[in-house]
Amino acid sequence: MIQIIPAILANTPQDYKRDIEKINNSASFKKGWVHIDFMDNKFVPNKSVDPSVIKLYPTHLKKEAHLMVEHPSYPWAGDLVGLGFDRVIIHVESGDDKHLEDCLAYLEDHNIETGLAINPQTPLDKLKPHLDNIDLILIMGVIPGFQSQPFQESTFARVKRASSMFNMVSVDGGVKDINAKQLALSGARILVSGSFILNGNIDENVEKIWESIKSP
Ligand code: DX5
Ligand code: ZN
C-alpha cells in the first residue's frame, strides 16, 4: 500500500497558512501525514519559516518534519519535540555519525519516528550504519532547497536499491503523475509531492497520481 504525502516548503508564515489550509480542506487528505520542510540557509541556500509558525495554524494530519539544516540536534530536534511532530527526518549529510546517532536517539527517547534523508549525489552506503535506528529512508529526487525542480532520473535506481536495504522508503522532490508509477514499481512506499499537488486543484492533482499508480 502506497501513501501520498503533501509537502509544504514555506518561506513566510503567509505561505505556510495558504498551503496548510489548502491541505486541511482537501478531500484527499482527511487523514495521513503532511511533510513540512525546514531550512537554515546553511545546509541549503534557502530559509524556511521558523518551526514555531506551525502552532499558529493547526492541522488534523500527522506532522513529518524534513530538516534540511546543519547539525539538526540543537535547537531543531528539541523545538520539534515541543511542537508535536510525529516524525522527524534528518539528512545523512548534516553531521558526523556520532551527531546523527545522538539526534536519532534523542528523538526516539521522545517517541518520535525518525528518518534519514539522502541527497542525489550521496552514496547509499552512508545510510548503512544507521539502519537499525530509523523508521524510514527518504530518497531525494532533487537537490534539496526548493520546490518545482526537475526530477532526477537516477532516483528510480536509488529507490530500488534503498528498498533492497530497508523496508520503508519514501521519495521527495519532483514527484508527480508521470513518475509516480515507476517510483512505486521501484519499491517506494511513500511519495512526497509539493508543487505538483499544491498548484491548482489539489484533489484533481492527487487523483492524477493515483491514476498513474493504478494504470496497467
Ligand atoms: C525539497 C523539499 C521537498 C519539496 C517538494 O527541498 O525537501 O519536500 O518541498 O516539492 P516538489 O514536489 O515541488 O519538488
Ligand atoms: Zn522535503
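Scroll up a little and you will see the structure.
Residues numbered from 1 in each chain as written. Chains lettered and ligands numbered in written order. Predicted model: local features only at pLDDT ≥ 70, side-chain atom pairs only at ≥ 80, totals over all residues. Heavy atoms only, no water.

With that settled, the discussion passes to the overall build of the protein chain. The secondary structure content of the protein chain amounts to seven helices and eight strands. The C-alpha atoms of the protein chain give a radius of gyration of 16 Å, which matches the 17 Å a tight globule of 216 residues would have. For the protein chain, the C-alpha atoms occupy an extent of roughly 45 × 40 × 30 Å along the three principal directions. A buried classification covers 55% of the 216 residues belonging to the protein chain. Here the protein chain has roughly 9800 Å² of accessible surface; of this, 50% comes from carbon and sulfur atoms. Distance between charge centres in the protein chain, computed from 22 positive and 28 negative side chains, equals 5 Å. (Helix = DSSP H or I, 4+ residues; strand = E, 2+ residues; numbered from the N terminus. Rg over C-alpha atoms; globule rule 2.2 N^0.38 Å. Buried < 20%, exposed > 50% of the residue type's maximum accessible area, 1.4 Å probe, protein only. Areas by Shrake-Rupley, 256 points an atom, 1.4 Å probe, with all protein chains shown as cover. Lys, Arg positive; Asp, Glu negative; His and termini not counted. Charge placed at Lys NZ, Arg CZ, Asp CG, Glu CD.)

With that settled, the discussion passes to the pattern of salt bridges. Counted under the stated rule, the structure contains eight salt bridges. Taking the shortest distance from any N to any O, the salt bridge between Arg 18 and Asp 15 comes out at 3.5 Å. Here Arg 18 and its partner Asp 15 are both found in helix α1 (residues 13–24), three residues apart, which amounts to about one turn of the helix. Relative accessible area serves as the criterion here: at 49%, Arg 18 is assigned to the partly exposed category. The closest approach of N and O atoms between Asp 102 and Lys 98, which form a salt bridge, is 2.6 Å. With a gap of four residues between them, Asp 102 and Lys 98 both fall in helix α3 (residues 97–109), about one helical turn apart. (Salt bridge = Lys/Arg side-chain N within 4 Å of Asp/Glu carboxyl O.)

Looking now at the packing of aromatic side chains. For any pair of aromatic rings, the description consists of the separation of the ring centres together with the inter-plane angle of the planes. The full count for this structure, using the stated rule, is four aromatic pairs. Ring plane angle 45 degrees and centroid distance 6.3 Å describe the contact between Tyr 16 and Tyr 57, whose orientation is recorded as tilted. In this pair, Tyr 16 sits in helix α1 while Tyr 57 sits in the loop between β2 (33–39) and β3 (62–68), placing the two residues 41 residues apart along the sequence. Owing to a relative accessible area of 1%, Tyr 16 belongs among the buried residues under this scheme. With centroids separated by 6.4 Å and ring planes inclined at 45 degrees, the aromatic side chains of Phe 38 and Trp 76 adopt a geometry described as tilted. (Phe/Tyr/Trp six-rings, centres within 6.5 Å; stacked < 30°, edge-to-face > 60°.)

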